[in-house]
Amino acid sequence: MTLQGARILVGITGGIAAYKSISLLRTLQKQGAEVRAVATPSVSSFVGLETLRAITREEVPVEVFHQDGDEVADSWTRHIHWGEWADLYVIAPCTAQTMAKIAHGFSDNMLTASVLARRCPLLVCPTMDGEMWDHPATQRNVALLRSDGIHVLEPADGYLASGIIGQGRLPEESEIVAEVERLLADVEREDGAPGSATNSAPSSASIDKVKRFVGAPSLFAGKQVLVTTGPTREHIDDVRYISNPSSGKMGIAMALAAKQAGAHVTLLHGPIESSHLPVMDATHSFESADELFTLMKEHGPKADIVIMAAAVSDAKPAERHHGKVKKADQEWSLTLAPTPDILAWLGEHKSDGQRLIGFAMESDAETAQEAARTKMEAKKLDAIILNLLRDGESGFGINTNKVELFVAQESVAGLQDQAENPPFAFAGTKLDVALQLVDQLEVSLARVSPSSDGESTNDR
Ligand code: CTP
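Bear in mind the structure is a predicted one, so any value in this text is a computation, not a measurement.

Engineer: Looking at this model, I keep getting lost on the overall build of the protein chain. Mind explaining?
Structural biologist: The helix and strand tally for the protein chain stands at 14 helices and 19 strands. Taking all 460 residues of the protein chain together, the buried fraction comes to 50%. The contacts of the protein chain with a sequence gap of at least 6 include a subset with a gap of at least 24, amounting to 69%. Summed over its atoms, the accessible surface of the protein chain is roughly 20900 Å², and 52% of this surface lies on carbon and sulfur atoms.

Pasting the structure below:
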């Protein structure tokens, strides 16, 4: 995607990663964006403001009020004009200090003041030492930002300036740019082309945009989301089991995307590589379908949204042997019994306003769409994500996926006709696909009106 014509305001704060903002500004410019930068006072300890000025060919304001050498007559209102000017505001890197100020509405410098004045989405890229990131105060601030509709990109793991390995690095530039593109695509969908914002009074579209991004009721922000992922293992004896090759990657991507959208995420996972496991608000492991069912009965009813990505075995050995069964010389047979259909149980016990999202794994392209819709209906789901096995880009274990999202007819307010409700197709890395799915679910399900008053009832 090109960023042609997009107006991006880049906020830079005083951390060791501030030097990386130079490259970020250049990359955004090379993709056609118009960029401006604002910096906090301590940035000049890390990079020269002159460098930033040279790159952006603009002033790089630090304070709200007049600074020495400031040639702009209306500099004291510049935080308002610049906040209105931007299609997207990105703070990279963002220190713990600036994040705390934003979370609490401070406006003590140009960066924080323009955050309050902005009329566009804000993407914050926290960067700090691992201990600072893990501190409950920082995590509280992250949660506050997310509940205000601010997008927070999780810092990356790796070698930190303090010499320790931990979570706190500025994510790779490509990851930041991908997030910028995604958010701008949202703005474009809602508000026409980027660059169309003006300094005059806000249009109703831009007011909608502000409402969407700043504290508007959202399907995910502040909600309890339960995600299941990975395979189940149904033991024949202590060393043999029935299972499937699910790596759990798609469910993990969904959990990350829900977290990125501001949800509190509980992850229930089957036996998967522990190095794949992200840090979530709560995590529980299961081995068999029965164990997952027990966990689901405990956590399912408390969730606002359940995303059932686990590859649950449909059958288990009717009897589990203890120890290791000795091999036999003649033919063996195994009697199977059905496992509980956990998602169907959830559908039966769905509480008011709860959203259930399932996955359908199909191998016959001819009948896949019909089968997915039938599963969605039978299990009383709000949406289902169709995965086709052996499509080259989708399936077990690999990092990419190609899916179709079906939203239940009755879950889309005001639709009379199935023809008006076609599936949405998404492809890319599993994380990309998950981010797109969460975005689309925000749009399709947030305006669901089970109570027919036009309000989302899942805003509990
Ligand atoms: N699922 C479940 N419990 C099961 C089987 C499936 O909760 N015992 C869930 C899956 O996690 C998925 C959805 O139901 O979200 C559909 O799973 P899928 O395997 O595609 O379909 P099944 O219902 O198992 O039907 P079939 O195997 O015949 O296609």
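Past the structure itself, the notes keep going.
Engineer: Explain the site of the ligand here, please?
Structural biologist: Near the ligand there are 16 residues, and of these Met308, Ala310, Leu343, Lys375 and Lys379 occur at the shortest range. Between the ligand and the protein, one listed contact pairs an oxygen atom with a side-chain N or O atom of Asp314 at 2.9 Å. Lys375 places a side-chain nitrogen or oxygen 2.7 Å from an oxygen atom of the ligand. Within the complex, 78% of the 570 Å² of free accessible area of the ligand lies under protein. Elements that contribute at least two residues to the shell around the ligand include exactly helix H12 (342–348) and strand S16 (355–362). No other element matches S16, which puts four residues into the shell around the ligand. Split into classes, the residues belonging to the shell around the ligand amount to nine nonpolar, three polar and four charged.

Engineer: Explain the sheet that holds strand S13 (residues 305–308) here, please?
Structural biologist: Strand order in this open sheet of eight strands is S12-S11-S8-S13-S16-S17-S18-S19, and the pairing throughout is mixed. Of all strands in the sheet, those bounded by a partner on one side alone are strand S12 (282–285) and strand S19 (424–429). Strand-to-strand twist across the sheet, computed as the mean angle between neighbouring axes with direction ignored, equals 20°. Pairing of strand S8 (residues 224–229) with strand S11 (residues 264–269) involves six bridges; the strand directions are parallel. For Thr229, the partnering residue across the bridge sits in S11 and is His269. Sitting on the sheet, helix H10 (residues 249–260) is in contact with S8, S11, S13, S16, strand S17 (383–388) and strand S18 (400–407), with an inclination near 165° to S8.

Engineer: Got a minute to help me understand the pairing of strand S1 (residues 7–12) in this structure?
Structural biologist: Note on strand geometry: in a regular strand, side chains alternate between the two faces of the sheet. In terms of residue burial, S1 counts as a mostly covered element, since six of its six residues are buried. Looking at chain direction, S1 and strand S2 (residues 34–39) are connected through six bridges and run parallel. Within S2, the residue paired with Ile8 across the bridge is Val35. Between the parallel pair S1 and S2, the chain is carried across by helix H1 (residues 20–30), and the sense of this crossover is right-handed. With four bridges connecting them, S1 and strand S3 (residues 88–94) associate as parallel partners. Paired with Gly11 across the bridge in S3 is Ile91.

Engineer: Help me understand the nonpolar core in this model?
Structural biologist: Considering soluble globular proteins, one finds that nonpolar side chains tend to be buried as a cluster. Ranked by size, the top nonpolar core spans 33 residues in total, and within it Ile8, Leu28, Val90, Ile176 and Val180 carry the most contacts. Elements with a minimum of two residues in this core: S1, H1, S2, helix H2 (49–56), S3, strand S4 (122–126) and helix H8 (173–191). When residues of this core are assigned to their parent elements, the largest contribution, five residues, is made by H8. Once residues within four sequence positions are removed from consideration, Val90 is found in contact with Ile8, Leu9, Val10, Gly11, Leu123, Cys125, Ile176 and Val180. If you look at the next biggest cluster of nonpolar residues, it comprises 32 residues, including Leu219, Ala253, Met280 and Ala434.

Engineer: Would you explain H10 in this entry?
Structural biologist: Each turn of an α-helix holds 3.6 residues, which means side chains three or four residues apart point in the same direction. Here H10 is 12 residues long and its end C-alpha atoms lie 16 Å apart, about the 16 Å a rise of 1.5 Å per residue gives. A large share of H10 lies buried, amounting to 10 of its 12 residues. Following H10 by one or two positions, Gly262 adopts a phi angle in the positive range, close to 100°.

Engineer: Where do I start with unusual backbone geometry in this structure?
Structural biologist: Negative phi characterises most residues that are not glycine, and trans characterises most peptide bonds. The amide bond that connects Ala92 to the next residue, Pro93, takes the cis arrangement and shows omega of -5°. Looking at where Pro93 falls in the secondary structure, it is placed in strand S3. The backbone of Arg57 shows a phi angle near 55°, a positive value even though the residue is not glycine. Looking at the element boundaries, Arg57 is found in the loop between H2 and helix H3 (78–85). A positive phi angle, close to 55°, is found at Lys380, a residue other than glycine. Structurally, Lys380 is set in the loop between helix H13 (368–378) and S17. The exposure class assigned to Lys380 is partly exposed, which follows from its relative accessible area of 40%.

Conventions adopted
Residues numbered from 1 in each chain as written. Predicted model: local features only at pLDDT ≥ 70, side-chain atom pairs only at ≥ 80, totals over all residues. Heavy atoms only, no water. Helix = DSSP H or I, 4+ residues; strand = E, 2+ residues; numbered from the N terminus. Buried < 20%, exposed > 50% of the residue type's maximum accessible area, 1.4 Å probe, protein only. Contact = heavy atoms within 4.5 Å. Areas by Shrake-Rupley, 256 points an atom, 1.4 Å probe, with all protein chains shown as cover. Near = heavy atom within 4 Å. Polar contact = N/O pair within 3.5 Å; in protein donor to acceptor, adjacent residues only side chain to side chain. Nonpolar A, V, L, I, M, F, W, Y, C, P; charged D, E, K, R; others polar. Pairing = 2+ DSSP bridges. Axes fitted to C-alpha atoms, helices over the stretch in contact; angles between N-to-C directions. Right-handed = clockwise from strand over helix to strand, strands pointing away. Core = buried A, V, L, I, M, F, W, Y, C linked by side-chain atoms within 4.5 Å. Expected span 1.5 Å × (residues − 1).

Nothing here speaks to function; it is all geometry.
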